[in-house]
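# Tertiary structure, described
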Amino acid sequence: MKIFIVILGILMIAATLIPFIRKEFWWIRVFDFPRLQILSIACIVLVAYLFYWNSGEFWENFFLIMLIAAILHQLSVILPYSPIHKKQVVLCQDPFESISFSIVVMNVLMTNRNSEKALEIIEKNDPDILLALETDHWWKEQFSPLEEKYPHNVLVPIDNTYGMLLYSKHELISPTVEYILVEGVPSIHTRVKINEAIITLYAVHPEPPAPGHSEKSTNRDAELITIGKKTRNNEKPVIVAGDLNDVAWSYTTSMFTRFSELLDPRVGRGMFNTFNAKHTLMRWPLDHIFHSDHFQLGKIKRLEAFGSDHFPMYLQLCFKPDDKHIQDEPEADKEEVDFANDKVERAHNGE
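Scope of this entry: the structure provided in the associated data block. None of these values were measured; they are calculated from a predicted model.

## As for the overall build of the protein chain
- Counting secondary structure elements, the protein chain contains 10 helices and 11 strands.
- In terms of overall size, the protein chain behaves like a compact globule, its C-alpha atoms giving a radius of gyration of 21 Å where 351 residues would be expected to give roughly 20 Å.
- C-alpha atoms of the protein chain, sized along the principal axes, occupy 70 × 45 × 45 Å.
- Sorting the 351 residues of the protein chain into buried and exposed places 57% on the buried side.
- Only carbon and sulfur atoms are counted for the fraction: they give 57% of the accessible area of the protein chain, which is about 15600 Å².
- With 34 positive and 46 negative side-chain charges, the protein chain shows a separation of 3 Å between the mean positions of the two kinds.

## Quick notes on a nonpolar patch on the surface
- On the surface, a nonpolar cluster with roughly 630 Å² of combined accessible area is contributed by Met-1, Phe-4, Val-47, Phe-51 and Tyr-52.
- Tracing the backbone through its elements, the reader meets Phe-51 in the loop between helix 3 (35-49) and helix 4 (58-78).

## Quick word on the sheet that holds strand 9 (residues 287-291)
- Read across the open sheet, the five strands follow the order 5-6-7-8-9; overall the sheet is mixed. With one partner strand each, in any of the chains shown, strand 5 (171-178) and strand 9 form the two edges of the open sheet. In this sheet, adjacent strand axes meet at a mean angle of 15° when their direction is disregarded.
- As paired elements, strand 7 (residues 197-204) and strand 8 (residues 238-243) share five bridges and run parallel to each other. Within strand 8, the position partnered with Thr-200 by the bridge is Val-238.
- Helix 8 (residues 218-231) rests against strand 6 (187-194), strand 7 and strand 8 of the sheet, and its axis sits at about 170° to strand 7.

## Describing the pattern of salt bridges
- In total, this model carries 15 salt bridges according to the counting rule given.
- Salt bridges linked by common partners bring Glu-123, Asp-126, Lys-149 and Lys-169 together as one network.

## Some words on empty space enclosed by the protein
- For the coordinates displayed, the defined rule picks out three cavities of 30 Å³ or more.
- Together, 13 residues line the largest cavity, and Thr-231, Asn-234, Glu-261, Ser-292 and Glu-329 are the ones closest to its centre.
- Residue composition of the lining of the largest cavity, grouped by class: two nonpolar, five polar and six charged.
- For the second largest cavity, the calculated volume is near 60 Å³.
- Surrounding the second largest cavity, Arg-22, Lys-23, Glu-24, Arg-29, Ser-217, Asp-221, Tyr-251, Thr-252, Phe-339 and Lys-343 form its lining.
- Among the secondary structure elements, those contributing two or more residues to the lining of the second largest cavity are helix 9 (251-260) and helix 10 (334-348).
- In terms of residue class, the lining of the second largest cavity is built from two nonpolar, two polar and six charged.

## Brief notes about the packing of aromatic side chains
- Evaluated as defined, the whole model comprises 12 aromatic pairs.
- Between Phe-33 and Trp-284 the ring centres are 5.8 Å apart and the planes differ by 80°, which places this aromatic pair in the edge-to-face class. Here Phe-33 is found in the loop between helix 2 (26-29) and helix 3, whereas its partner Trp-284 is found in the loop between helix 9 and strand 9, with 251 residues between them in sequence. An identical accessibility class is assigned to Phe-33 and Trp-284; each is buried.
- Consider the rings of Phe-101 and Phe-295, whose centres lie 5.9 Å apart with planes at 80°: the pair is edge-to-face. Of this pair, Phe-101 sits in strand 1 (residues 99-107) while Phe-295 is found in strand 10 (residues 295-302), placing the two residues 194 residues apart along the sequence. The residues Phe-101 and Phe-295 share a single accessibility class, namely buried.
- Ring pairs connect the aromatic residues Trp-138, Trp-139, Phe-143, Tyr-150 and Tyr-167, which therefore count as one cluster.
- Of note, Arg-232 hangs over the ring of Phe-259, and the distance from its end group to the ring centre comes to 5.0 Å.

## Here we look at unusual backbone geometry
- Note the cis peptide between Phe-275 and Asn-276, where omega equals 10°.
- Checked against the element boundaries, Asn-276 lands in the loop between helix 9 and strand 9.
- A positive phi angle is found at Glu-261, which is not glycine, with a value near 65°.
- Looking at the element boundaries, Glu-261 is found in the loop between helix 9 and strand 9.
- A relative accessible area of 12% means that Glu-261 is categorised as buried.

## Notes on the layout of surface pockets
- What the largest pocket holds in volume is close to 620 Å³.
- Surrounding the largest pocket, 31 residues form its lining, Pro-80, Tyr-81, Ser-254, Thr-257 and Arg-258 being those nearest its centre.
- The set of elements that each furnish at least two residues to the lining of the largest pocket consists of helix 4 and helix 9.
- Here the lining of the largest pocket takes five residues from helix 9, the largest share from any one element.
- Within the lining of the largest pocket, the residues separate by chemical class into 14 nonpolar, nine polar and eight charged.

## Thoughts on helix 8
- The first and last C-alpha atoms of helix 8 sit 20 Å apart over 14 residues, in line with the 20 Å expected at 1.5 Å per residue.
- Within helix 8, 11 of the 14 residues are buried, leaving the element largely enclosed by the surrounding structure.
- What helix 8 keeps buried is the set Thr-218, Arg-220, Asp-221, Ala-222, Glu-223, Leu-224, Ile-225, Thr-226, Ile-227, Gly-228 and Thr-231.
- Trailing helix 8 by a residue or two, Asn-233 shows a phi angle of about 60°, which is positive.

What counts and what doesn't
- Residues numbered from 1 in each chain as written.
- Predicted model: local features only at pLDDT ≥ 70, side-chain atom pairs only at ≥ 80, totals over all residues.
- Heavy atoms only, no water.
- Helix = DSSP H or I, 4+ residues; strand = E, 2+ residues; numbered from the N terminus.
- Rg over C-alpha atoms; globule rule 2.2 N^0.38 Å.
- Buried < 20%, exposed > 50% of the residue type's maximum accessible area, 1.4 Å probe, protein only.
- Areas by Shrake-Rupley, 256 points an atom, 1.4 Å probe, with all protein chains shown as cover.
- Lys, Arg positive; Asp, Glu negative; His and termini not counted.
- Charge placed at Lys NZ, Arg CZ, Asp CG, Glu CD.
- Patch = residues over 30% accessible without salt bridge, like charges linked within 9 Å, V, L, I, M, F, W, Y side chains within 5 Å.
- Salt bridge = Lys/Arg side-chain N within 4 Å of Asp/Glu carboxyl O.
- Pairing = 2+ DSSP bridges.
- Axes fitted to C-alpha atoms, helices over the stretch in contact; angles between N-to-C directions.
- Contact = heavy atoms within 4.5 Å.
- 1 Å grid on protein atoms, 1.4 Å probe; cavity = no way out; pocket = protein on both sides within 12 Å on 5 of 7 lines; lining within 4 Å.
- Points joined across faces, edges and corners; volume = space filled by probe spheres on them.
- Nonpolar A, V, L, I, M, F, W, Y, C, P; charged D, E, K, R; others polar.
- Phe/Tyr/Trp six-rings, centres within 6.5 Å; stacked < 30°, edge-to-face > 60°.
- Lys NZ or Arg CZ within 6 Å of the ring centre and 35° of its normal.
- Expected span 1.5 Å × (residues − 1).

Listed below in structure tokens is the structure:
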């Protein structure tokens, strides 16, 4: 039993160390995802190992120290996404007196056919803006009744799991569909006019680093950074929403928020794990809504399952540009800026 516990502990230590390797191969970056699961197993191993621990043995003490260090590191990474951490986004005190609006990000899973439940969730939560991802032509047809309620829309159905449908109750100004790095992987860039507020919205769903998609995370990371370049040092209100195929606490996404100077309303509130809806023990936050400090939080919640492998994500925001100073923007250091620019250059060079 002791040998089994030690082997399991070594695996958890290795799983903690591997993400420190700043290579972009999918089999390295995948260890960014299950940090809560690694932490949970490592804690169980620690408790079990203490029953067998011989303090007189150097290697046993070394193993114990490494295991505790792994636990502390995993805690430090995911702790910001817990209620005991300081909240990054202030809670709006007067959501009904401010310009407020809601967004739902819904990855439908292209092969899922439970459109009736999806439409029921949309009707129940009544978002002002809906971003539906992995939408092929079948899903576009099923969602066609929404076009009456959401007269402003950009519909890009594609049968490759990267289609996206954007519906808005509010006017969309000069919307464009961009293919930033990969043909067949679109993003939607538009301004949204909500009363007197004009907000820039980027809807994204970059290619994941995984077998069958991309062997490296280069394209995913570079697409996010390219969006970040547009929001960085931008004094106008901005929202970036979509399935980023990355967890909130990964080096890439945390660097993206600092580089783009956008806020994450989950910080200090919870993980809001949206994937995988079909596996309770293997879930992490893949669907994101980041925003500039012009906004405060009205409400955030994960919506119910509807047959997809993603839960939908709901966010209500209040437009409070006069109070933006009370929220601290994340900020990238020079090393991160140089790293980000280099990554975009390498992606465009096909490296």
